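What follows is each chain in one-letter form.
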Amino acid sequence: MRSNLRAVVVAALAICALSGLGASSATAALPEYVSKSGGHEGSLDISIPGAITMHTTSGIEIQCKYGAMVAILSGSTLRGTARLGQCELDFLGKYSCRNGGTESENWILAHLTGKLGYIEKATKKVGVELAGETGETAILASGIHCALLTTSGTSIIGHVIGKIGPVNTLTNHFTLEYAEKGGIQEIGNFEGGPLEQHLSFLWEVGSTPERLGLQMTGFAELVGTNGEGEIKA
């Protein structure tokens, strides 16, 4: 009788342990892109028709009048290139900034990687974290020359998280929103992820990084043969 009872208890404990493992796996699962046909890759054409504004905690402002981005969303990861146009740095005067194009265009080019994650899993609030494509410092854009302010060029490094939606809805349009106040990003980390994911601004190579916040809204459209898809959360 005792051996039977012991067997029942052991079995119950095993079931609980397996249930816990299942719960942990479910928690670890990331939101992901799934196309209408069941594939996991989509090409995005992202327009940013309004101003893109970045502030440091000391009050330096970089503002670009418009922007665009092309990207590939593959499952839970993203890779793309962003171009921000007619950019100015405002600090004791306004200075046009660029790391590409002509002086009249003054645009900033950034090569990006990204990933989807949960801002709040219980409410299915999903975000996109953007970072530089290479290196531990996650350089978003480097060699940015703002008139004659620096010789080596300023840089923007780090990670930034914003909202993306809709989720769990078949569509060919998504909205990305990044918000900040006084250089502090509205969303600092994904649920359960590393704290204080943020951008930093460097006046020039070797200078001390200063925290930087990003404010912009982008409208993404699935293009090519992708048709419709959804972000499953």
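Model, not experiment: these values are computed from the prediction. (Residues numbered from 1 in each chain as written. Predicted model: local features only at pLDDT ≥ 70, side-chain atom pairs only at ≥ 80, totals over all residues. Heavy atoms only, no water.)

Quick look at the pairing of strand E14 (residues 199-202)
Move 1: Residues Leu199 and Phe201 line one face of E14 and the alternating positions Ser200 and Leu202 line the opposite face, and both faces are buried.
Move 2: Two elements, strand E10 (residues 154-165) and E14, share four bridges in a ladder whose sense is antiparallel. When the bridges of E14 are listed, isoleucine 157 appears paired with serine 200.
Move 3: Where E14 lies against strand E15 (residues 210-223), three bridges are found, and the strand directions are antiparallel. Among the inter-strand pairings, serine 200 is bridged to a residue of E15, identified as arginine 211. (Buried < 20%, exposed > 50% of the residue type's maximum accessible area, 1.4 Å probe, protein only. Helix = DSSP H or I, 4+ residues; strand = E, 2+ residues; numbered from the N terminus. Pairing = 2+ DSSP bridges.)

Observations concerning the pairing of strand E2 (residues 41-48)
Move 1: Only one face of E2 is covered, namely the face carrying Gly42, Leu44, Ile46 and Ile48; the face carrying Glu41, Ser43, Asp45 and Ser47 is uncovered.
Move 2: Where E2 lies against strand E4 (residues 61-74), eight bridges are found, and the strand directions are antiparallel. What sits directly across from serine 47, in E4, is alanine 68.

Re the nonpolar core
Move 1: Counting 45 residues, the largest nonpolar core has Leu44, Met69, Ile108, Leu130, Ile164, Tyr178 and Leu214 as the members making the most contacts within it.
Move 2: Residues in contact with tyrosine 178, not counting those within four places in the same chain, are Val128, Leu130, Val160, Ile161, Gly162, Gln185, Leu214, Gln215 and Met216. (Core = buried A, V, L, I, M, F, W, Y, C linked by side-chain atoms within 4.5 Å. Contact = heavy atoms within 4.5 Å.)

Re the confidence of the model for the chain
Move 1: With 82% of its residues at a pLDDT of at least 70, the chain reaches an overall mean of 84.
Move 2: When pLDDT is averaged over each element of the chain, strand E11 (residues 173-178) comes out on top at 98 and helix H1 (residues 2-28) at the bottom at 41.
Move 3: Counted against residues more than four places away or in other chains, residues 1-27, with its pLDDT under 50, gives two contacts. (pLDDT = per-residue confidence, 0-100.)

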